[in-house]
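# What the coordinates show
Listed below, chain by chain, are the residues.
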Amino acid sequence: MRDAGLEGVCILTTVPHSSLRKAASLIGLGRASVKDVGRKDAPHRFDLELLGEELKNPGIANIVVISCGEVNTGLFATNGMEEMAQIRTMCDICNAWIHVDGAFGLLGRLLNSSDYDSIRRGCEGIELADSITGDCHKLLNTPYDCGFFLSCHRSTASQVFQNPNAAYLNAVSAIGIASPLHVGIENSRRFRALPVYATLSAYGRSGYRDMLERQVRFARAVAKFVLGHGAYELLPERVPHTSERDALADIYIIVLFRARDETLNKDLVKHINASRTIYVSGTSWKGFPACRFAVSNWRVDSARDLPIVTRILDEVSSVN
């Protein structure tokens, strides 16, 4: 960094996922290097003016991390190609790297119905990024520790991860494909790519589009039930007088909600999971407990599954 005339590296993002700070800590940048530049009225979206100011800080190299499907809400950090292109231009001027976290949202690019316009806009332009990561264990339903990293700067990975001092590890492919030994942290790992290849080959684009549409429809059906239930509140909070259609248009595969009664809300996750019928993960929203449905199983069937969910939520809502 001294040779490059840099004082530090800053990671600029919105509603940062915990793994981002963890990664910054592990590689020595420090958790404090992660800065939230989200809008006050919509924390998951970029405050472009603030982003521009941060990018111009002298002596700082910047990485802009864009959430393609934020983990708590499923909402997208950008809205359409125009905004993504604007961020790309800003980063080009300031020599900043753009990374897209596509763990939840990447497959949204498969959707082609007008019912999913909001999701598709959130996925537009991610090809402008320098790197993209994703979790196959979510929407591809592969074993849990399976993910991927894409980059349009191949040499960077080989420079960072190569094994230069171990001659027996200098594997070179006859067809020019970089050895996995030189494109990741681990030297030894199981063949995680095999289940990814198998499932993509088995279902293809149309199979995964059908699967994702079922998942989104189910998530929206659950959100609709929560929205109309007197005991629960759908999160994030909607602008007053927002129509049901508009309220559900942004729902992807995450349904975030809480109980209106604070006593019930405190133990809501425990009560729901105690049913041993459905499972929700606990999280927080604006400092208060909240519940989170994450819909990603390939067997989702609204006709079969929705009555189960609504029954449990009805029963839990009457818990004293």
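A brief report on the enclosed structure follows. (Residues numbered from 1 in each chain as written. Predicted model: local features only at pLDDT ≥ 70, side-chain atom pairs only at ≥ 80, totals over all residues. Heavy atoms only, no water.)

Space inside the second largest pocket adds up to approximately 850 Å³. Around the second largest pocket, the lining is made up of 33 residues, and of these A42, H44, L75, P236 and D250 lie nearest the centre. Within the residue set of the lining of the second largest pocket, elements represented by two or more residues are helix 4 (117–123), helix 8 (244–249) and strand 9 (281–285). Counting residues per element, the lining of the second largest pocket draws most heavily on helix 4, at four residues. (1 Å grid on protein atoms, 1.4 Å probe; cavity = no way out; pocket = protein on both sides within 12 Å on 5 of 7 lines; lining within 4 Å. Points joined across faces, edges and corners; volume = space filled by probe spheres on them. Helix = DSSP H or I, 4+ residues; strand = E, 2+ residues; numbered from the N terminus.)

Between helix 2 (residues 48–55) and helix 3 (residues 81–93), the least distance of the axes is 10 Å, while the angle of their chain directions is 15°. Judged on the interaxial angle alone, helix 3 and helix 2 are roughly parallel. Crossing of helix 2 over helix 3 shows right-handed handedness. From helix 2, L48, L51, G52 and L55 reach across to helix 3, where they touch E83, Q86, I87, M90 and C91. Classifying every residue of the contact of helix 2 with helix 3 gives six nonpolar, two polar and one charged. (Axes fitted to C-alpha atoms, helices over the stretch in contact; angles between N-to-C directions. Parallel < 35°, antiparallel > 145°, perpendicular 65-115°, else oblique. Left-handed = near helix turned anticlockwise from the far one by under 90°. Contact = heavy atoms within 4.5 Å. Nonpolar A, V, L, I, M, F, W, Y, C, P; charged D, E, K, R; others polar.)

What follows covers unusual backbone geometry. A cis amide bond links L235 with the next residue in sequence, P236, at an omega value of -10°. Mapping P236 onto the fold places it in the loop between strand 7 (232–235) and helix 8. Even without being glycine, N95 reaches a positive phi, approximately 55°. Among the structural elements, N95 can be located in the loop between helix 3 and strand 4 (97–101). Given the relative accessible area of 71%, N95 is considered exposed. The phi angle at R276 is positive, at roughly 55°, despite the residue not being glycine. Assignment of secondary structure puts R276 in the loop between helix 10 (268–273) and strand 9. (Buried < 20%, exposed > 50% of the residue type's maximum accessible area, 1.4 Å probe, protein only.)

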